[in-house]
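Commentary on secondary and tertiary structure
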Amino acid sequence: MNILPSFMTACFSLSLLSVSFIPSQAQSITSPKCGTRSELVEILKDRFNQKQAGLGLSYEGREAFEIYTSEDGDWTVMMTKPNGQTCIMAGGHSWKNYPRKVSIPGIAT
C-alpha cells in the first residue's frame, strides 16, 4: 500500500492552514473568501493583476487547485469543488517562477 499520496495531501493541507487565507493585497476585499470561480478570477485579475500560473487536481480528483500570480510576486491558491464552489485557500508574496528543465533522451542538456 502506497501511503505517499495520502501523506503528501495531509502535508499540503496542513501547509495551507499555516498561511494567510487571503492574498496579502486582498485584505480590503469585504466579500467572502468563497464564491463562483468566475467572480474570484475577475477579482484576482482586475484588482490584483494576477493571472493563472498553474493548476492541478487533488489525488482523489475531488478538487481542482489553481495558482494565480502577479508580476510583483503576489500569489493566490484557489480550490474548486465538484459542486462549483470556489474558495481562496491561501495567498502570499515573493512568488518566483523557475524554468522547467526538459530532458530529451540521448541529448545532453
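The preceding data block contains the structure.
Residues numbered from 1 in each chain as written. Predicted model: local features only at pLDDT ≥ 70, side-chain atom pairs only at ≥ 80, totals over all residues. Heavy atoms only, no water.

1. Overview of the overall build of the protein
Scanning the protein from N- to C-terminus turns up two helices and five strands. Taken from the N to the C terminus, the helices and strands of the protein come in the order α-β-α-β-β-β-β. Taken over 109 residues, the protein has a buried fraction of 28%. Intrachain contacts of the protein at a sequence separation of at least 6 include 39% that bridge at least 24 residues. Taken as a whole, the protein presents about 7,900 Å² of accessible surface, with 59% of it coming from carbon and sulfur. (Helix = DSSP H or I, 4+ residues; strand = E, 2+ residues; numbered from the N terminus. Buried < 20%, exposed > 50% of the residue type's maximum accessible area, 1.4 Å probe, protein only. Contact = heavy atoms within 4.5 Å. Areas by Shrake-Rupley, 256 points an atom, 1.4 Å probe, with all protein chains shown as cover.)

2. Looking at a nonpolar patch on the surface
Where nonpolar side chains cluster on the molecular surface, the patch consists of Val102, Ile104 and Ile107 and spans about 290 Å² of accessible area. In this structure, Ile104 sits in the segment after β5 (86–92). You can call Ile104 partly exposed: its relative accessible area is 45%. (Patch = residues over 30% accessible without salt bridge, like charges linked within 9 Å, V, L, I, M, F, W, Y side chains within 5 Å. Salt bridge = Lys/Arg side-chain N within 4 Å of Asp/Glu carboxyl O.)

3. Observations regarding the state of the cysteines
Within the structure shown, the criterion is met by one disulfide. Residue pairing for Cys34: its cysteine sulfur links by disulfide to Cys87, the two sulfurs lying 2.0 Å apart. Here the S-S torsion is close to 110°, and the disulfide linking Cys34 with Cys87 is therefore right-handed. Pair noted here: Cys34 is in strand β1 (residues 34–35) and Cys87 is in strand β5, with a separation of 53 residues, a long-range link. (Disulfide = S-S within 2.5 Å.)

4. Description of the packing of aromatic side chains
A ring pair, where both rings are aromatic, is described by two values, the distance of the centres and the angle of the planes. In total, this model carries one aromatic pair according to the counting rule given. Arranged with centres 6.2 Å apart and planes meeting at 50°, the rings of Trp75 and Trp95 form a pair that is tilted. With a gap of 20 residues between them, Trp75 in strand β4 (residues 75–80) and Trp95 in the segment after β5 connect regions that are remote in the sequence. What makes Trp75 buried here is its relative accessible area of 16%. On the basis of relative accessibility, which here comes to 29%, the residue Trp95 falls in the partly exposed class. (Phe/Tyr/Trp six-rings, centres within 6.5 Å; stacked < 30°, edge-to-face > 60°.)

5. Re the pattern of salt bridges
Counted under the stated rule, the structure contains one salt bridge. When the shortest N-O distance is used, the salt bridge between Glu66 and Arg37 registers 2.8 Å. Within this pair, whereas Glu66 is found in strand β3 (residues 64–69), its partner Arg37 is found in helix α2 (residues 37–48), the two being separated by 29 residues in sequence.

Take it as geometry only, folks, not as evidence of what the structure does.
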